[in-house]
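Summary of the model geometry
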Amino acid sequence: MVSYFTHLGAVSIAMIAISYRWFLKDIIYGSIGYHREIQDISDFPYTCRKIWDPIAEGCEDMWIDHEKRVLYAACAPSVGRIRWTPSMSALNESGRSQKDHVLMLDLNHPGTDGKFNMKELPFSGYNGPAGATTIDTHGFSVDILDDNTLRFLMINHRPPTDETGSFLLSAKKYGANSTIDFFEVERGFGASKLEWKRTVADPAIYTPNNIASMGNGDFYISNDKTAKIGILRELFPLHSGGDITYCPAEGPCKKASGKVGFKYANGLIRGSDKRIYVPSSWLAKWWVFEVTEDFSLKKVEDLKTAMPIDNLSVDEKGDIYAAGFPDVIQFTKTVRNPYTIHAPTTVWRIRRLVGSGGKVSYLQEKVVEDREARGIGGATVAVHDARTGRLFLGGNYAPYISVCDKKQI
């Protein structure tokens, strides 16, 4: 009997050691960031400041029209994000802000107050469930249709309703009823509204986090979890969940990725090289895919980062920028109280390098980091204005956006 328990103990120790080597170590040091060294913002050649304004709260995703010099952001009051963010299992359908909007910044004119003449771009023509006239924003993608028109493809985390669409149901029981909604808008800072065009609903669009347009009405989305609700969804760190789904301009959507093991696939983008880039907000990893003839995705790279990252963006030079979470535990505290608790943020630049023989590699560089969250904090997206060198950051819960200017040497 003693020998049996001795053997059992040895096996248990071995299993713990194996789990630590292949699983727990990555979670503790990679995902959570235990004992990770976070630098002070003074170590970097940037001065960063926060812009506090009611219309600049909860800006989950951003995009720059470089030619027209306008920044767009998908925003909502932070208190509404606390109550209704399906990707974070905040499912109080009656607590939605119903004030979601797109924020516009005039990049050529910072103004005397430094707010870039920011203004709210409302939704128009949308007639959603239970009488909604505005969508519940998250990630988005933009097509330049011509010199005068932009098309926005926006994730809309609609609440569940009854069959008539008149009465709200419990999201904790049914989950969100997410769709992709298309809008068109006049190009340039003179625009006054986003005009609704159509809604794409499909069973394969079940937990969308972000969207990458292919330019012809078709797109990819990242489903960040395995299901809308349920225990398996909440245990995503322990199993491979989520996928990348392709939706053609006409016809049903389909799963495009194989068994990748995303664990919270997040803010994917289509790079300047036409590849699809997918980050993880739990694993410290990101993936590169090639689009095949049938629009399935073929994995070509599987790369580690120093920390989990959120939404990706592409600047005018083709460089990819990402907002990173150097302290995941502090970020979870920010989620509960973003007005007084601020989490450190890291901005990464991923540069595609082509070597001899056409071999592609990727250079990952830390651009700026703010240990105390004095100038940047709780960010889920970072975009780079290559013409001025400025960085703009927003966060799904952050009650501000941040601007970082290069220091004059």
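Since this is a predicted model, take the numbers as computed values, not measurements. (Residues numbered from 1 in each chain as written. Predicted model: local features only at pLDDT ≥ 70, side-chain atom pairs only at ≥ 80, totals over all residues. Heavy atoms only, no water.)

**With respect to the overall build of the protein chain**
Counting its secondary structure elements, the protein chain contains five helices and 27 strands. Of all intrachain contacts in the protein chain linking residues separated by at least 6 positions in sequence, the fraction that spans at least 24 positions is 58%. Accessible surface computed for the protein chain: about 17,800 Å², of which carbon and sulfur atoms make up 54%. (Helix = DSSP H or I, 4+ residues; strand = E, 2+ residues; numbered from the N terminus. Contact = heavy atoms within 4.5 Å. Areas by Shrake-Rupley, 256 points an atom, 1.4 Å probe, with all protein chains shown as cover.)

**Remarks on the environment of Gly 267**
Position of Gly 267 relative to the elements: it lies in the loop between β16 (254–255) and β17 (269–270). When its relative accessible area of 0% is taken as the criterion, Gly 267 is described as buried. Taking the C-alpha atoms as reference points, Gly 267 and Ser 313, separated by 46 residues in sequence, lie 8.5 Å from one another. Each residue touching Gly 267, except ones within four places of it in the same chain, is listed here: Asn 209, Asn 210, Pro 279, Asp 310, Asn 311 and Leu 312. (Buried < 20%, exposed > 50% of the residue type's maximum accessible area, 1.4 Å probe, protein only.)

**With respect to the state of the cysteines**
Overall, the coordinates contain three disulfides when judged by the stated rule. The disulfide partner of Cys 247 is Cys 253, and the S-S distance across this bridge is 2.0 Å. Torsion about the S-S bond of the Cys 247 and Cys 253 cystine: about 110°, corresponding to right-handed handedness. For the residue pair Cys 247 and Cys 253, the accessibility class agrees, reading buried in each case. Once the bonded cysteines of the protein chain are numbered in order along the sequence, the disulfide links fall as 1-6, 2-3, 4-5. (Disulfide = S-S within 2.5 Å.)

**Here we look at the packing of aromatic side chains**
Scanning the model with the defined rule gives 16 aromatic pairs in all. Taken together through their ring pairs, the aromatic side chains of Trp 63, Tyr 72, Phe 140 and Phe 152 make up a single cluster. One Lys or Arg, Lys 119, reaches over the ring of Phe 189 and ends 4.7 Å from the middle of that ring. Sitting above the plane of the Tyr 264 ring, Lys 225 keeps its charged end 3.8 Å from the centroid. (Phe/Tyr/Trp six-rings, centres within 6.5 Å; stacked < 30°, edge-to-face > 60°. Lys NZ or Arg CZ within 6 Å of the ring centre and 35° of its normal.)

**Overview of the sheet that holds β17**
The strand order across the open sheet built from four strands is β17-β18-β19-β20, with neighbouring strands paired in antiparallel fashion. Either end of the sheet is taken by a strand with one partner, and the two such strands are β17 and β20 (297–304). Across four bridges, the pairing between strand β18 (residues 276–279) and strand β19 (residues 285–291) is antiparallel. Following the sheet pairing, Pro 279 is matched in β19 by Trp 286. (Pairing = 2+ DSSP bridges.)

**Considering the sheet that holds strand β25 (residues 381–385)**
Consider a sheet: its strands pair through backbone hydrogen bonds, and that pairing is either parallel or antiparallel. Here four strands make up an open sheet; going across it, the order is β1-β27-β26-β25 and the pairing antiparallel. A single partner strand is all that each edge strand has here, and the edge strands are β1 (46–51) and β25. Averaged over all neighbouring strand pairs, the angle between strand axes comes to 20°, with direction disregarded. (Axes fitted to C-alpha atoms, helices over the stretch in contact; angles between N-to-C directions.)

**Concerning helix α5 (residues 328–336)**
Looking at α5, one finds that the buried residues are Val 328, Phe 331, Thr 334 and Val 335. Take α5 and look down its axis: the buried residues cluster within an arc of 105°, on one side only. Put simply, Asp 327 is the residue that caps the front of α5, since its side-chain oxygen is 3.3 Å from the backbone nitrogen of Ile 329. (Arc of directions from axis to C-beta. Polar contact = N/O pair within 3.5 Å; in protein donor to acceptor, adjacent residues only side chain to side chain.)

**Let's talk about the confidence of the model for the protein chain**
Averaged over the protein chain, the pLDDT score is 90; the fraction of residues at 70 or greater is 90%. A low-confidence stretch, residues 1–20 (pLDDT under 50), is modelled with five contacts involving residues beyond four sequence positions or located in other chains. (pLDDT = per-residue confidence, 0-100.)

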